[in-house]
Amino acid sequence: MGEDSRLAGVVALAQGMAAAHTPRDSWRAAALGACRALSGNFAALSVWERELGRLRVLVNVGERAPDEEEFPEAEAYPVHQFPEITEFLHERWAAGGEPDAWVETAFGATSGGAGYCHQRVAALRRRGRACCVVAPLVMHGRAWGELYVARAADAPVFGRDDADFATVLASVVAAGIAQTERLEEARRLAFTDALTGLANRRAVDMRLDEAIERHRHEGAAVGLVVCDLNGLKRVNDTCGHAVGDRLLERFGSVLSLCGAMLPGALAARLGGDEFCLLAVGPPADDVVRAAGELCRRAAELELGDGVACGVACTEDPIGPVRSARRLFRLADAAQYRAKALRADRPVVAGREGPDDPVVRLADAPSREVTPERRRFRGRR
């Protein structure tokens, strides 16, 4: 392979990873790019799980064998089965030089710094491959995993120059993965409440808009639980804000636990003492049941005075729900009524008869709301 072709391969790999939107996209782009650049027919990317002493396969691409899934859930190999990677896993190269790639063939001959590995050779033979090149991935000065590229039985065997090129590709892959991880962390922080670890208001905005679109086009059931934690101000005034924060954290854990009753539900803190659960798919009665459990558990917390909880579900008789704003107004109005009644159970929009006071309150054009809630709805 000429220098121009190899340079083009490096550029294509880097561009593919830069265009990835998720870690899985990045892994797949890395493996595919390396496979093409090295003229392979199969490639895999694996991570070293130090705490478990194993290499776990993240992605398999190209001509996969029947036992090779693209994104395997449980394909992992104990490190002791691969003595040739001990050197880079234990970072013996850190004293000088670089963690170079090496070649294995179906006949056991190798090129590079690593020694013969029966497991690699056996796997090549079993899957009808002629050879493989294995390149260590190093991130932040530490061994992270490996890039593996193989060729079919009728293809030329990798040589020393291929191993050197694989070392370069591994550096590009490591840089791309590091960038993806930084972006993923930034996304996580942007959509996560720092105190409780729950989703934040921005995440709810996005998910609720998507949920209503699914409801309008597919008829998906959408349920929204909005709740105010009672007594937070009293706790802050009498015990201090550190104790108030602890109450918020504990309630956040309760909310997460109850949200787990609804597959795929999003548990979020909207701000201050206001929280919510958003569920897409589960029936309305399941959402109400989870809200009831939330009220029961909140009342058992040693701090605070329970929770005021309102529920709105598209399956209930609340009229057409064409916007995220209307569903939120309904759940908010139900919560407002629960607080006014000092109810120890959720108030559910649409379940108080044909002249439901919650629906009337939500749809009243002159309804008074707190500044915090006005800001939330004003974004829609």
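Higher on the page you've got the structure.
Residues numbered from 1 in each chain as written. Predicted model: local features only at pLDDT ≥ 70, side-chain atom pairs only at ≥ 80, totals over all residues. Heavy atoms only, no water.

A. Geometry of helix 2 (residues 23-37). Taking 1.5 Å of rise per residue, 15 residues should cover 21 Å, and helix 2 covers 21 Å from first to last C-alpha, within 8% of that figure. On its buried face, helix 2 is in contact with helix 1 (3-18), strand 1 (42-49), strand 2 (54-62), strand 7 (142-152) and helix 5 (160-190). Count one or two residues on from helix 2 and you reach S39, which has phi positive near 55°. (Helix = DSSP H or I, 4+ residues; strand = E, 2+ residues; numbered from the N terminus. Expected span 1.5 Å × (residues − 1). Contact = heavy atoms within 4.5 Å.)

B. Just the pairing of strand 2, in detail. The pairing of strand 1 with strand 2 spans eight bridges and is classified as antiparallel. Across the sheet, the residue bridging to V47 is R56, located in strand 2. Linking two consecutive strands that pair antiparallel, namely strand 1 and strand 2, is a turn of four residues; a positive phi of about 60° is found at G53 within it. (Pairing = 2+ DSSP bridges.)

C. Molecular detail of the nonpolar core. Among the nonpolar cores identified, the biggest contains 40 residues, and L38, L45, V133, L147, V149, L169 and V173 are the most heavily contacted of them. Put simply, the parts of the chain that give this core at least two residues each are helix 1, helix 2, strand 1, strand 2, strand 6 (129-139), strand 7 and helix 5. No other element matches helix 5, which puts nine residues into this core. Within the second largest apolar cluster, 33 residues are counted, among which are V243, A284, L301 and V311. (Core = buried A, V, L, I, M, F, W, Y, C linked by side-chain atoms within 4.5 Å. Buried < 20%, exposed > 50% of the residue type's maximum accessible area, 1.4 Å probe, protein only.)

D. Fine view of the packing of aromatic side chains. Counting across every chain of the model gives two aromatic pairs. Relative to Y148, the ring of F42 has its centre 6.2 Å away and its plane inclined at 75°; by these criteria the two rings are edge-to-face. Placement of the pair is F42 in strand 1 and Y148 in strand 7, with a sequence separation of 106 residues. The same class applies to F42 and to Y148, which are both buried. Measuring from ring centre to ring centre gives 4.9 Å for F251 and F275, while their planes differ by 75°; the resulting arrangement is edge-to-face. Taken together, the residues span a long stretch of sequence, with F251 in helix 8 (residues 241-259) and F275 in strand 10 (residues 274-280) at a distance of 24 residues. Accessibility expressed as a relative area gives 0% for F251, which makes it buried. Here R24 stacks its cationic end above the ring of F71, 4.4 Å away from the centre of that ring. Its end group placed over the ring of F42, R129 keeps NZ or CZ at 3.8 Å from the ring centre. (Phe/Tyr/Trp six-rings, centres within 6.5 Å; stacked < 30°, edge-to-face > 60°. Lys NZ or Arg CZ within 6 Å of the ring centre and 35° of its normal.)

E. Structural context of helix 10 (residues 324-341). Its 18 residues give helix 10 an end-to-end C-alpha distance of 26 Å, which sits within 8% of 26 Å, the value for a rise of 1.5 Å per residue. Of all the positions in helix 10, only A324, R326, L327, F328, R329, L330, A331, D332, A333, A334, Q335 and A338 are classed as buried.

F. Region of interest: the packing of helix 7 (residues 232-239) against helix 8. Their axes nearest at 7 Å, the elements helix 7 and helix 8 cross at an angle of 145°. For the pair helix 7 and helix 8, contact is made by L232, V235, N236 and C239 and by H241, V243, G244, L247 and L248, respectively. Split by residue class, the contact of helix 7 with helix 8 holds six nonpolar, three polar and no charged. (Axes fitted to C-alpha atoms, helices over the stretch in contact; angles between N-to-C directions. Nonpolar A, V, L, I, M, F, W, Y, C, P; charged D, E, K, R; others polar.)

G. Representation of the sheet that holds strand 12 (residues 347-348) in the model. Ordered in space as 9-10-8-11-12, the five strands form an open sheet in which the pairing is mixed. Bordering the open sheet on either side are strand 9 (266-271) and strand 12, each of which pairs with just one other strand. Bridge count between strand 9 and strand 10: five bridges; the pairing is antiparallel. For A268, the partnering residue across the bridge sits in strand 10 and is C276. Helix 10 rests against strand 8 (222-229), strand 9, strand 10, strand 11 (307-313) and strand 12 of the sheet, and its axis sits at about 145° to strand 11.

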